[in-house]
Each structure stands twice: as C-alpha cells, then as structure tokens.
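# Remarks on the overall topology
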Amino acid sequence: MPRERFVVHLDGRDLELSNLDKVLYPAAGFTKGEVIDYYTRVAPVLLPHLQDRALTRIRYPNGVEAAHFFEKNAPGGTPDWVRLATLPVPGSTKSRETIDFVVVDDLATLVWVANIASLELHTPQWRIGADPDLMVVDLDPGEPAGLRECCAVAVLVRDRLAADGVAAYPKTSGKKGMQLCCPIAGTQSAEHVSGYAKRIAEELSRQVPGSITARMTKAIRPGKVFIDWSQNAAAKTTVAPYSLRAQPHPTVSTPLTWDEVEAVAVGDEPARQYRAGEVLDRVREHGDLLADLLTPGPAVP
C-alpha cells in the first residue's frame, strides 16, 4: 500500500506531507499531490508576491465540491518554524483584537500551506507594517458580460490610469473576471488609495454607463462590468498572482500581456481562464509578467 504520510526536507525544514493521492478537483482528477507540485514549481515567481504579506487561505480539505472555509489565523499544529505576524483586525467576526497571520516567505511554508489544502491564497495590498504598495482594480462582469467585456474595460482603465502616471498590469481572476494591479509609492493610506480608485471607477462609469458600473448593487450589474474599487480598503484581500482557484478545473489567477488583453477585447483571441499546467508553461516562456509590481510606483493623486 502507498504511504499516506511521509517526510520531505525543504529549506532545512522537515515537513510531513499526507494523502497526496486525494482528489481535490474531481472533475479534473487533480490531486493534492498535484496541487503541491504546482505550487512548488511556480514558487520562484509566486513567493515574491506573498513575501511580507499577511496570508488569508481558503481551504478545501475534501476538495472543491465539498465544504470550505476561510482561514486567517494560524491553525492548530502550525510548525514552530512558520513565520507568524500578530496584527490587529478591527471588526473581527470572532471579536479578536489581533490575529496570528501566516506569512509565506519561503518554499517550505508554501508547501506546508498547500499540504493543508489551502487551494486559494489571498493577500492584502500592503506589506506588514507599511502602507499599501499596490492598488488593485477588480473587474467583475455581470452576466451576460464576461471576460471579453472585462478586457475591453481593462484597456480603458489602463489608459485612464496612465494619464495620472500609474502603470497597470493585468491578470485573470481565475474565475470569471480579472484584476489590474498597480505598483504605488507605499506612502499613502488605504483610505486615500481606495478613494482614488473610486473616483476613477465613477468617472469611467459616467463615460460608458451602458457597459460599466462603479456601484455594488447587484440589480444594476447584469450586462455590465463592475469596477470594484473597494478592494483597496485596509481589511480587503485579493487573490494572489499564480494562486489556484476553487473551480471545477484547477484554474489560476494568471498574469497576462497587454497584447493578449487587447486581442481578447476585440475578439481576435478567445476569452479564457488558464489552468495550472498552462501557467507553468507561460512562466517558462514569459517569466513573471508581474515582476514590476515588486518595485514601488508613483503616489496616486
């Protein structure tokens, strides 16, 4: 019989892995071992985007078709070598004043996180102890709008941000929409950044009211792309680049080139989400398309 548990040695750490044959994506037959293998292979480009950021995990211990839960606090049994950051969490639903967040700075911690079936990895727009160094513009389509419509709106958002000297880098959400990630100075509050993103969203919604909305109200969103500026609030997180998503197949939040976005927007290329194996191929071809996010950008107006 195959062993259900065994120990591997990573970064000077002994790490016990378990149940690698367990299927976590039933429609694809994708196992926990394959989840761990994906995260191990993508680690060189993923880890810089997780470093020094408090991690929220979405865990699927019995696969994507079964119950799941969000986890911010370090779980029981967390190895003593895993880095923790004790941070205030105002308004916590469990009335905690602080939470011990896991911080994934190395391969061993990433593999440990994957081994406890943390399929989705979400991070805030700030590094620990600092103001936001990222602004995220989340593009969420209301049916029948989809990823193609998001790509068209993404080009409008990119050009508007560029007028203020802010560069935007696109990635799919791994679900139905996409995000634009913008490196910023890291010298402004979350409230200021969120307010700027809201002004841009409202401006574009006035310009193209039939296709764009800046309001969260569900009733007005069908057929439009919602520019979700609120992702920049201090308490919000966004799926990390290269994170798996809990879909029937192991799709990934995938960095894109602007040529790809424009081709989808005009219908020259199909709108699609990418799966784990495809993303590894893309990394071999392109490297990290979001590497510029690791260098501070300008302050936002």
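Residues numbered from 1 in each chain as written. Predicted model: local features only at pLDDT ≥ 70, side-chain atom pairs only at ≥ 80, totals over all residues. Heavy atoms only, no water.

This brings us to helix α1 (residues 32-50). With 19 residues, α1 extends just 21 Å between its outermost C-alpha atoms, more than 12% less than the 27 Å of an ideal straight helix rising 1.5 Å per residue. The principal kink in α1, of about 80°, is found at Ala-43, preceding the proline Pro-44 by one to four residues. Taken together, the buried positions of α1 are occupied by Lys-32, Val-35, Ile-36, Tyr-38, Tyr-39, Val-42, Ala-43, Val-45, Leu-46, Leu-47, His-49 and Leu-50. (Helix = DSSP H or I, 4+ residues; strand = E, 2+ residues; numbered from the N terminus. Expected span 1.5 Å × (residues − 1). Bend = angle between axes of the 7 residues up to and from the residue. Buried < 20%, exposed > 50% of the residue type's maximum accessible area, 1.4 Å probe, protein only.)

We now examine the domain arrangement of the protein chain. Interface size is commonly expressed as the accessible area that is lost once the parts come together. What the domain assignment reports for the protein chain is domain 1 (5-123) and domain 2 (134-294). The junction of domain 1 with domain 2 conceals about 2100 Å² of combined surface from both sides, 66% of it contributed by carbon and sulfur atoms. When the buried area of domain 1 at its contact with domain 2 is split by residue, Tyr-25, Tyr-38 and His-49 rank highest and sum to 30% of it. The interface formed by domain 1 and domain 2 contains one salt bridge. Of the charged contacts in the structure, one is a salt bridge between Glu-120 and Arg-245, with a shortest N-O distance of 3.2 Å. At the junction of domain 1 with domain 2, the criterion picks out ten residue pairs in polar contact (both at pLDDT 80 or more). (Domains from an automatic or database assignment. Buried area = accessible area lost by both parts, 1.4 Å probe. Salt bridge = Lys/Arg side-chain N within 4 Å of Asp/Glu carboxyl O. Polar contact = N/O pair within 3.5 Å; in protein donor to acceptor, adjacent residues only side chain to side chain.)

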